[in-house]
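An overview of the molecular structure
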Amino acid sequence: MQNGRADMGLIDIENLSVVFPGGVRAVEGVSLSVGARESYGLVGESGSGKSTILRAICGLAPVSSGSIRIGGEVLRRDRRFAARVQMVFQDPYASLHPRHTLDRTLSEPLAIHGIGDADRRVVQALEQVGLPTSFRFRYPHQLSGGQRQRVAIARALMLEPEILLLDEPTSALDASVQAEVLNLLARLRAERGLTFLMVSHDLAVVDHMCDRVLVMQQGRAVEELPRAALAAAQMQTAYARSLFEASADRML
Amino acid sequence: MTVIEWLRDPNPASRRQARLGQAYLGWLRLRRNPLAMAGLVIIGLLLVVAAFAPWLAPHDPIAQNLQNRLMPPGTAGHWLGTDDFGRDILSRILYGARITLAVIALVAVTAPVLGLIIGTVAGYFGGWVDAVLMRLTDIFLAFPRLILALALVAVLGPGIENAVLAIALTAWPPYARVARAETLTVRNADYIAAIRLQGASAPRIIWGHVVPMCLPSVIIRVTLDMAGVILIAAGLGFLGLGAQPPLSEWGLMISAGRKYLFEQWWVATMPGLAIFIVSLGFNLLGDGLRDVLDPRSSGK
């Protein structure tokens, strides 16, 4: 696992600021760099701007200054971008179209990008995320939360992206289902050599999944920690320490 | 495995089986609703009557017989009576079903589609697109529908085709409003953000992802409005701007019966009853369709 410097990452974010219309400053001057095949975590309490960074990468939040580069290129959100970067949303109850069958949801990205062989690929995608292929023509409302999140992960992987943005992918799920989904993500990352940029408010999840962690507070970066430092509780700042202590009991 | 089992298979093997299975479940849901079934039977009867009018009608609808004029209902050979030219009212109503059905079919495929497109485009893009399209909608809504249709027919010239065109052009604004309101609730949903992230074009998102969410409310509006469409077509006919005599259109027949309303009530009442029954049929069906069109209510 390379611990890349700021100038050679797969995802390079420099001095990113996001100001929403109305003057809410969600993110202020955050820089981070994620190396290829690395798993990078963003932690912080609600409203710390961690999800906004993911949404800014996807073009769902307005970038007011700073730059975002993927593989050294300044971002252009076209189909090529879609094939490189995909996102898994927080709430699996809201991220699947309620009137589309799983088959439609999973084959839609293939249709957009003109990729053939949809039948085989959809079945394969369901198997990959551990869903029975007989679910193929079900609607989201016929699935549980964990199953839905598996479908959302399968959808994000349909275009075989190299980067997966994970916006609290397990926070809407039960504790037992959480572990299943996290294990699935870890397995897929190992199999496919994916790069993760993962947002969570839960240090236990981040500790399980990430090589490096950036602690955020009120839109600013507080401290970056490699996993070893996280595990050894070697935080430099008081805020990171307090965040760690709040969830320490669950990490053991 | 019987056909029913094949349709009810919870784990369909192909797209076609899944789609047919959904349709079958929809039919089962519709069948459980007696009022909707009543509506469906009425619409079905209208279709049959329109298709087989020449065989069902006892007389030629435009053959005049001045010796038999204004015969009351129950007269032998003229069970619903005759009008002021001695034409058989039953035959005229049966033939009139064809015109009514043509008007409904044409309006139903034009106005909601136009309204749906305008409303979803306005709601999805927002900004100046929304402002322009919605002010246009406001302008159309600000006119009473019948008056606007009248103005259009006056410009285009009377006739059934122009009446349909005028009705379609005046009927779309409510659909646009409904579609826009629905679009605003779904445009920021995660599943729309997800498909946008997959690189889908705006037309694809609007047609494939936003429209299915707006469709149920628009379809229900359509079936509820069908009664109004029949009445406006009848109104235009009544004012002499829709179907032209001697064509047997229901509104025109009421108009012709107006002169005899007090002495020979059946001339205006019989086509009025026909309009009433068909309107009722559409209203009942519209209510039942809402349940059928929502896949979330399936499987119970």
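Going by the structure above, here's the rest.
These remarks concern the structure in this document. In this text, all values refer to a predicted model and were calculated from it rather than measured experimentally.

**Here we look at the overall build of chain B**
- A tally of regular secondary structure across chain B gives 12 helices and 0 strands.
- Oriented by its inertia axes, the alpha-carbon framework of chain B measures out at about 75 × 55 × 25 Å.
- Evaluated residue by residue, chain B yields a buried proportion of 40% over its 300 residues.
- Once local pairs closer than 6 in sequence are excluded, the contacts in chain B between residues at least 24 apart make up 69%.

**With respect to the interface of chain A and chain B**
- Between chain A and chain B, the contact holds 28 residues from the first and 21 residues from the second.
- Within the residue set of the side of chain A that touches chain B, elements represented by two or more residues are α2 (79-84), β6 (85-88) and α3 (102-112) of chain A.
- Among the elements that take part in the side of chain A that touches chain B, α3(A) stands out by supplying 4 residues, more than any other.
- The residue inventory of the side of chain A that touches chain B, partitioned by class, reads 13 nonpolar, 8 polar and 7 charged.

**Let's talk about unusual backbone geometry**
Residues and elements named next belong to chain A.
- For Asn15, which is not glycine, the phi dihedral falls at a positive 50°.
- By the element assignment, Asn15 lies in strand β1 (residues 11-20).
- The residue Gln218 is not glycine, and still its phi comes out positive at about 45°.
- Along the chain, Gln218 turns up in the loop between β9 (212-217) and β10 (220-226).

**Quick word on the sheet that holds strand β8 (residues 195-200) of chain A**
All names here are of chain A.
- Within the open sheet, the 6 strands sit side by side as β6-β7-β8-β3-β9-β10. Their pairing is mixed. Edge strands, defined here as strands with exactly one partner in the open sheet, are β6 and β10. On average, adjacent strands in this sheet sit at an angle of 20° to one another, irrespective of strand direction.
- Here 4 bridges tie β6 to strand β7 (residues 163-167), and the two strands are oriented parallel to one another. If you follow Gln86 over to β7, its bridge partner there is Leu164.
- Taken strand by strand, helix α5 (residues 145-157) contacts β6 and β7, and its axis lies near 175° from that of β6.

**Some points on helix α9 (residues 190-197) of chain B**
- Within α9(B), 7 of the 8 residues are buried, which leaves the element mostly enclosed by the surrounding structure.
- Within α9(B), burial applies to B:Asp190, B:Tyr191, B:Ile192, B:Ala194, B:Ile195, B:Arg196 and B:Leu197.
- Taken together, the buried residues of α9(B) touch α2, β6, α3 and α5 of chain A together with α8 (160-186) and α10 (202-238) of chain B.
- Note on α9(B): the residue one or two positions beyond its end, B:Gly199, has a positive phi of about 90°.

**Examining the pairing of β7(A)**
All names here are of chain A.
- In terms of burial, β7 is a largely internal element, 5 of the 5 residues being buried.
- For β7 and β8, the ladder comprises 5 bridges, and the chain directions are parallel. If you follow Leu164 over to β8, its bridge partner there is Phe196.
- After leaving β7, the chain enters helix α6 (residues 175-192) and then returns to the sheet as β8, a path that is right-handed.

**Topic: the environment of A:Gly219**
All names here are of chain A.
- Within the element layout of this structure, Gly219 appears in the loop between β9 and β10.
- For the pair Gly219 and Thr52, spaced 167 residues apart in the sequence, the C-alpha separation amounts to 9.0 Å.
- Setting aside anything within four residues of it in sequence, one finds Gly219 in contact with Arg25, Ala26, Val27, Glu28, Ser48 and Gly49.

**Let's talk about the nonpolar core**
Residues and elements named next belong to chain A.
- With 76 residues, the main nonpolar core has Ala154, Leu165, Leu197, Met198 and Val215 as its most contacted residues.
- Element by element, the count of residues in this core is highest for α5, at 6 residues.
- If near-sequence neighbours (up to four positions away) are discounted, Ala154 is found in contact with Leu106, Ala125, Leu126, Gln128 and Val129.

**Notes on the sheet that holds β1(A)**
All names here are of chain A.
- Read across the open sheet, the 4 strands follow the order β2-β1-β4-β5; overall the sheet is antiparallel. At either end of the open sheet lies a strand with only one pairing partner, and these are β2 (24-34) and β5 (73-74).
- Summarising the sheet, β1 and β2 pair through 7 bridges and their orientation is antiparallel. Residue pairing across strands places Val19 opposite Arg25, the latter belonging to β2.

**So, the packing of α5(A) against α6(A)**
All names here are of chain A.
- Closest axis-to-axis distance for the α5/α6 pair is 10 Å, and the angle between their directions is 20°. The orientation of α5 with respect to α6, classified from their angle, is roughly parallel. Judged by the sense of rotation from one axis to the other, the crossing of α5 with α6 is right-handed. Contacts between α5 and α6 involve Gly145, Gly146, Gln149, Arg150, Ile153 and Leu157 from the first element and Val177, Glu180, Val181, Leu184, Leu185 and Leu188 from the second.

**Quick notes on helix α4 (residues 118-128) of chain A**
All names here are of chain A.
- Those residues of α4 not exposed but buried are Val122, Ala125 and Leu126. In an axial view of α4, the angular spread of the buried residues amounts to 100°, which keeps them on one side of the axis. Within α4, the exposed residues directed more than 90 degrees away from the buried face are Arg120 and Glu127.
- The elements touched by buried residues of α4 are α3 and α5.
- Phi turns positive one or two residues past the end of α4, at Gly130, with a value near 75°.

**Things to note about the packing of α3(A) against α4(A)**
All names here are of chain A.
- Packing of α3 against α4 brings their axes to within 10 Å, and their N-to-C directions diverge by 120°. For the element pair α3 / α4, the angle class is oblique. α4 is crossed by α3, and the crossing has right-handed handedness. Counted together, Asp103, Leu106, Ser107 and Leu110 of α3 and Ala118, Arg121, Val122 and Ala125 of α4 form the full contact between these two elements.
- Split into classes, the residues belonging to the contact of α3 with α4 amount to 5 nonpolar, 1 polar and 2 charged.

What counts and what doesn't
- Residues numbered from 1 in each chain as written.
- Chains lettered and ligands numbered in written order.
- Predicted model: local features only at pLDDT ≥ 70, side-chain atom pairs only at ≥ 80, totals over all residues.
- Helix = DSSP H or I, 4+ residues; strand = E, 2+ residues; numbered from the N terminus.
- Buried ≥ 20, exposed ≤ 12 C-beta atoms within 10 Å, placed from the backbone.
- Contact = placed C-beta atoms within 7 Å.
- Nonpolar A, V, L, I, M, F, W, Y, C, P; charged D, E, K, R; others polar.
- Pairing = 2+ DSSP bridges.
- Axes fitted to C-alpha atoms, helices over the stretch in contact; angles between N-to-C directions.
- Right-handed = clockwise from strand over helix to strand, strands pointing away.
- Core = buried A, V, L, I, M, F, W, Y, C linked by C-beta atoms within 7 Å.
- Parallel < 35°, antiparallel > 145°, perpendicular 65-115°, else oblique.
- Left-handed = near helix turned anticlockwise from the far one by under 90°.
- Arc of directions from axis to C-beta.

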